[in-house]
Amino acid sequence: MAAQFDFDTTRLPSPFMNDSHHHWRAELRKFVEKEMMPYADEWDEAGGFPEELYKKASEFGLLRMGYPEQYGGISEGLDRFHGIVTSEELARLGAGGVTASLMVHGIGLPPIMAIGSDEMKERIAPPVLNGDKRISLAITEPGAGSDVANISTKAVRDGDHYIVNGSKMFITGGMRAHHFTTAVRTGGEGMRGISLLLIDADAPGVTRTPLKKMGWWASDTAAIYFDDVKVPASNLIGEENQGFIGIVNNFNGERLGMAAGAMGSARVCLEEAVNWAQERKTFGKRLGDHQVIRHKIAEMVRQINATQAYLEICAWRVQNGETPVADLAMLKVQATLTLEFCAREAMQILGGSGYMRGNRVERIYREVRVNAIGGGSEEIMRDLAARQLGI
Amino acid sequence: MKVLVPVKRVVDYNVKIRVKSDQSGVELANVKMSMNPFDEISVEEAVRLKEAGKATEIVVVSVGPQQAQETIRTALAMGADRGILIKTDDTVEPLGVAKLLKAVAEEEKPDLIIVGKQAIDDDCNQTGQMLSALLGWSQGTFASKIDIEGDKAAVTREIDGGLQTIKITMPAVVTSDLRLNEPRYASLPNIMKAKKKPIDTKEPGDYGVDITPRLEVQKVAEPPQREAGIKVETVGELVSKLKEAGVIG
C-alpha cells in the first residue's frame, strides 16, 4: 500500500483506458477541485448550487461531451470510457445532488437525440448543451415508477395539439428545468400505449413543487402537475405509442453511468476511511493496525475491484454495439451494494467524526439509497436480469 | 513574438515521496506523474501572452522518457501550439538540460523562454540561469509579473526584501515563481484539439549535446525521524534541561 492513500491508489490498471482518458481525468479533476469541491458542503446545506455552474461546465466541455458536434456537442474521439471517467471524477465531490442536477440532461436529452425529429434536436439541444437551458426526464408517477408500462398521465390528441393531464413524481432537476421529456399515455393500456412528449415548463397548466429528500440536498427534485396542458403535436418525440422502447433504451446508458458514479462514491469512502485509519490512534496504535479495521478495508477494496472489472467489461460491450441488458442491470446492483457496504464501513471507521455533517462520507451515506433505488431499484434490476436470462 | 516553454515530467505534487529501499533514489514505479507545477505556470503565462496578442507562437519542449509526451500534450491542451520531445531515459542534470535548451533556442529563435524557477523533484533552481548564461541572453528570475512592451520585458521579481522590477531586453530567459498566475484547466474541446497538434521527437544526440552526468548520487535517505519531546513542570526544570542538552550555557 502506498504511503499516501488516495482516490486512485487501488484502481486496477485498465486495458480500455489510454492517454486520452487519463488526460480527461486529470483536467476534469482540476475543474472539480477548483469550481466545485470548495463549495460542495455549502451547496448541499443550502439545497442548491448557482446556475452559473451550468455555463462553466458547458464551456469546460462537461455538459457537451458525447453529443453531436452539429448541435454544439463534442463527440469526436470520445468513447464510453470517457463517460466512466466523468461519472467517477464527479463522484469525488461527495455531493451527488450537485452532479444529479448538473448532469440531468444526460437522461433528459438522449431520447430526443435518439428518436426526436431534426427540427426538435436543433431547437432543444444547443441551448441545453451550452448551459442556458435545462431538460429533465419525467417518467415516474405517484402510482408508477419502475413499472413504467402502468403510467397514467394522459395526452389526448386535439387537432394540432395534445391535452395533457396527470402528474410526475421525484423528477430530478425538476424545479429548474425548462423542458420535460415526459412519458404520457396516448393509447391503450400497457407499454404499447405510451408516448414521449416534450413539455415546456412554462406552458399554462404546468405547476411544480420542490420535494425534500434524505440525501442529494443540492438537487432540485420536484413533483410536476399537468392540468389541461396544451402541447403542440410537433413536440411528440418519435412516433405515437412507441415511447416505451425509447424509455427503456435510455435506462441502459443511465445504469452504466450510475454504476460508475456509485463506484466513485465507494472509492471516496475507501479513501477517507484509510486516511483516517492511518492517522487515528486508539488503544496505543493506529486504527489501521487493528485487525478488525484492516479487514474492513481489504473487503472494501475487494468489492470495488470486482465492480470495476464488471463495469469495464460491460462498458466495452456497449462500446462494441451490444446491449447487455441483464449485465447492465446486475452491474448496477453490484455497484450500489458495493457503495452501501463501503459507506457503512467507512462510517464505522470514521466513528463520531464521520457522523458529523460537512464531510464526504456523511453525505454519501445519505445518498446510498437514492443510488440503490433511482434508475431502477436493486429488486427490479435483479428481476429484469432474471427475465432476460430466461429464468 | 515566439515563446519557448520547457516542461518537465515529475512526481505529482500530491504524492508523498518514498525513498527506494536500496537508497539509490526515490520510488518512481507506479507513482503518479504530472507536469512540474512551475512549468504549468510558465505555460499559462505564455498562453496569456498569446491571448493578449503579444505572443504569436508557443513551443513547448521536454527532455525525458517517452511518457513526457503526455506532459507536452497537457501543455498543448492548455494552448501551446506545438511540442518537441527530446527523448532520453537517462538522468539529465540541469547543465545538460540547459545545453539542450540552448540548442533548441538556436534552432527555434524564440524571443522569450519562460522556465519554471525549479522542478519539484530535485529543486535545483539552476536550469533557467544556466540557459541564459549559455545563450548570453538577459535573465529575469523568480518572476511574479511579466509585462512585454516592444522588445523589452518588465519583470517583477520576488526577492527577500519584497518585490523588484527590472527591465530586460529580449531575447530573454524568465523563470516563473508561484504567484505569476494561476494555471487553467484545459477544456475537453482543447484536450481533443491537442491530440492533433504536432510533437517532434528528437534525441540528445541530434543536438550534438553530451548529457553525461557530472555528479554521482551516493545515497538517498529519509530525513531523520523527529524524536518525541518531554513536558516540563517549571521554568527551573526547563532551564536545567536546556543546559543538560547543551543548548544554553
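Position labels on residues start from 1 in each chain and follow its written sequence. As they are written, the chains are lettered A onward and the ligands numbered 1 onward, keeping that order. For this predicted model, a pLDDT threshold of at least 70 governs which residues receive local features, and a threshold of 80 or more governs which side-chain atom pairs are given and counted, while totals over whole chains, interfaces and linings are taken from all residues. With hydrogens and water set aside, each side-chain value is computed from the structure's full complement of heavy atoms.

Residues and elements named next belong to chain A. Interaxial angles span 0 to 180 degrees and are taken between N-to-C directions of axes, which are lines fitted to C-alpha atoms, for helices over the stretch in contact. Think of it this way: any DSSP run of H or I at least four residues long counts as a helix, any run of E at least two long counts as a strand, and we number them from the N terminus. Relative to each other, helix α1 (residues 19–36) and helix α4 (residues 80–91) sit at 30 degrees, their axes nearing to 10 Å. When the axis of α1 is compared with that of α4, the two are roughly parallel. For the pair α1 and α4, the crossing hand works out as right-handed. Counted together, S20, H21, W24, R25, L28, R29, V32 and M36 of α1 and F81, H82, V85, T86, E88, E89 and L90 of α4 form the full contact between these two elements. Only Asp, Glu, Lys and Arg are considered charged in this grouping, and only Ala, Val, Leu, Ile, Met, Phe, Trp, Tyr, Cys and Pro are considered nonpolar; every other residue, Gly among them, is considered polar. The residue inventory of the contact of α1 with α4, partitioned by class, reads seven nonpolar, four polar and four charged. Roughly parallel covers angles under 35 degrees, roughly antiparallel covers those over 145, roughly perpendicular covers 65 to 115, and oblique covers all other angles. For any pair of crossing helices, the crossing counts as left-handed if the nearer helix is rotated counterclockwise from the farther one by less than a right angle, and right-handed if it is rotated clockwise. Residues count as neighbours in contact if any of their non-hydrogen atoms are within 4.5 Å of one another.

Facing the 23 residues of chain A at the interface are 20 residues of chain B. Within this document, salt bridges are pairs made up of a side-chain nitrogen of Lys or Arg and a carboxyl oxygen of Asp or Glu, the two lying within 4 Å of each other. Scanning the region where chain A abuts chain B turns up three salt bridges. Nitrogen and oxygen atoms within 3.5 Å of one another constitute a polar contact, given that in protein one can donate a hydrogen and the other can accept it, and given that sequence-neighbouring residues count only through two side-chain atoms. Between chain A and chain B we count six residue pairs in polar contact (both at pLDDT 80 or more) in total. Every element with two or more residues in the side of chain A that touches chain B is listed here: α1 and α3 (52–60) of chain A.

Residues and elements named next belong to chain B. The pocket and cavity definitions rest on a 1 Å grid over protein atoms only: a 1.4 Å probe that fits but cannot leave marks a cavity, an open set with protein on both sides within 12 Å along at least five of seven lines marks a pocket, and residues lining either have an atom within 4 Å of a point. Grid points are joined across faces, edges and corners, and a volume is the space filled by probe spheres set on the points. Summed over the entire model, instances satisfying the criterion amount to two cavities of 30 Å³ or more. Space inside the largest cavity adds up to approximately 70 Å³. Around the largest cavity sit E93, L95, G96, K99, D210, I211, T212, P213 and R214, which together line it. Grouping the amino acids of the lining of the largest cavity by side-chain chemistry returns three nonpolar, two polar and four charged.

To continue, consider the UniProt feature "domain: Acyl-CoA dehydrogenase/oxidase N-terminal" (unreviewed entry) in chain A. Taking the UniProt record as the reference, the feature "domain: Acyl-CoA dehydrogenase/oxidase N-terminal" (unreviewed entry) is found at residues 19–132 of chain A. For the annotated span residues 19–132 of chain A, helix accounts for 66% and strand for 0% of the residues, and the straight-line distance between the end C-alpha atoms is 32 Å. UniProt positions are given in the numbering used here, feature names are shortened, and annotations may be inferred rather than shown by experiment.

Here we take up the nonpolar core. The biggest cluster of nonpolar side chains holds 105 residues, and the ones touching the most others in it are A:W24, A:M36, A:L62, A:V98, A:L102 and B:V43. Per-element accounting of this core gives the leading share, 12 residues, to helix α9 (residues 243–279) of chain A. Excluding anything up to four places from it in sequence, A:L62 contacts A:W24, A:L28, A:F31, A:A57, A:T86, A:L90, A:L102 and A:M103. By nonpolar core we mean a set of buried residues, namely Ala, Val, Leu, Ile, Met, Phe, Trp, Tyr and Cys, connected to one another through side-chain atoms within 4.5 Å. Exposure categories follow from relative accessible area, calculated using a 1.4 Å probe and restricted to protein chains: below 20% of the type maximum is buried, above 50% is exposed, and the middle band is partly exposed. The next biggest cluster of nonpolar side chains, apart from the first, holds 24 residues, and it includes A:I135, A:L196, A:I247 and A:F251.

A few words on the UniProt feature "domain: Electron transfer flavoprotein alpha/beta-subunit N-terminal" (unreviewed entry) in chain B. As annotated by UniProt and renumbered to match this structure, "domain: Electron transfer flavoprotein alpha/beta-subunit N-terminal" (unreviewed entry) occupies residues 23–211 of chain B. Annotation note: span residues 23–211 of chain B, helix share 30%, strand share 31%, distance between end C-alpha atoms 23 Å.

A few words now on the UniProt feature "domain: Acyl-CoA dehydrogenase/oxidase C-terminal" (unreviewed entry) in chain A. Under the UniProt annotation, the feature "domain: Acyl-CoA dehydrogenase/oxidase C-terminal" (unreviewed entry) is placed at residues 241–389 of chain A. This span, residues 241–389 of chain A, is 80% helix and 3% strand, and a straight line between its end C-alpha atoms measures 27 Å.

Its 12 residues place the ends of helix α8 (residues 118–129) of chain A 16 Å apart at the C-alpha level, agreeing with the 16 Å of an ideal helix rising 1.5 Å per residue. Immediately beyond the C-terminal end of α8(A), within one or two residues, lies A:G131, with a positive phi of roughly 90 degrees. To estimate how far a helix should extend, the number of its residues minus one is multiplied by 1.5 Å.

Its location among the elements puts A:S195 in strand β5 (residues 194–200). With residues near it in sequence (within four places) discarded, A:S195 still touches A:T182, A:A183, A:V184, A:T186, A:L236, A:E239, A:E240, A:N241 and A:G243.

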